[in-house]
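Chain residues, written in single-letter form:
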Amino acid sequence: MLDYGMLAEGDRVLVAVSGGVDSLVLAWLLDHWRGKAPINYSVHCVHVDMDPGPGKPGTAAAEVQARLARLGLDCTVLAADLPAPASSRAAASSHRDICYRCARSRRNQLFAHAREKSCNTIALGHHRDDIIETFFMNLTCAGNISTMRPR
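Residues numbered from 1 in each chain as written. Predicted model: local features only at pLDDT ≥ 70, side-chain atom pairs only at ≥ 80, totals over all residues. Heavy atoms only, no water.

Taking 1.5 Å of rise per residue, 13 residues should cover 18 Å, and helix α1 (residues 21-33) covers 18 Å from first to last C-alpha, within 8% of that figure. Taken together, the buried positions of α1 are Ser23, Leu24, Leu26, Ala27, Leu30 and Asp31. Along α1, the residues classed as buried sweep out an arc of 160° about the axis, all on the same side. For α1, the elements touching its buried residues are β1 (12-16), β2 (42-49), α2 (59-70) and β4 (121-124). (Helix = DSSP H or I, 4+ residues; strand = E, 2+ residues; numbered from the N terminus. Expected span 1.5 Å × (residues − 1). Buried < 20%, exposed > 50% of the residue type's maximum accessible area, 1.4 Å probe, protein only. Arc of directions from axis to C-beta. Contact = heavy atoms within 4.5 Å.)

Okay, here's the thing in structure tokens:
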């Protein structure tokens, strides 16, 4: 975190929590470290609900909220804004599959929510395997050679 200057005094950090171990540990660690850090920053957890119920969070989102509550953290749940299914003709000519479009939509939701809440940093619980997977997804689905980089 120091090498890449990932946190600074006064940062408002939006932590994207999927419910997996990586993002749950990241949320806990960022919150826990606030008591020891030589800087002041705030942590705001967000979960994008892929299967919301009518007027309420879906089962997985409710579980994420409950796990974070046990850690003493609040969590905002955003209902996923899933891309509309493409027609068969458009799907045949499209180079981007549904996984790519869905992931892009979730990222855009996180960015928009961060702007709305004045969060200047977004923390994602990714590890090396995720970076390699992103590289191959971008190569095969998006037609470019790129991946996530720490910043």
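Turning our eyes to something else, we now look at unusual backbone geometry. If you check the backbone angles, Ser118 has positive phi at about 60° while not being a glycine. Topologically, Ser118 is positioned in the loop between α4 (98-116) and β4.

Glancing now at the packing of aromatic side chains. Under the criterion given, the structure shown has two aromatic pairs. Where Trp33 meets Tyr41, the ring centres are 6.2 Å apart and the plane angle is 35°; that geometry is what we call tilted. Arranged with centres 5.0 Å apart and planes meeting at 80°, the rings of Phe135 and Phe136 form a pair that is edge-to-face. The exposure class assigned to Phe135 is partly exposed, which follows from its relative accessible area of 28%. (Phe/Tyr/Trp six-rings, centres within 6.5 Å; stacked < 30°, edge-to-face > 60°.)

Considering every residue of the protein chain, the mean pLDDT works out to 85; 87% of them sit at 70 or more. The secondary structure element of the protein chain with the lowest average pLDDT is helix α3 (residues 88-93), at 52, and the one with the highest is β1, at 97. (pLDDT = per-residue confidence, 0-100.)

Moving on to the pairing of strand β3 (residues 75-79). Relative to β3, β2 is paired through five bridges, and the arrangement is parallel. Paired with Val48 across the bridge in β3 is Leu78. This β-α-β element, β2 to α2 to β3, shows right-handed connectivity. (Pairing = 2+ DSSP bridges. Right-handed = clockwise from strand over helix to strand, strands pointing away.)

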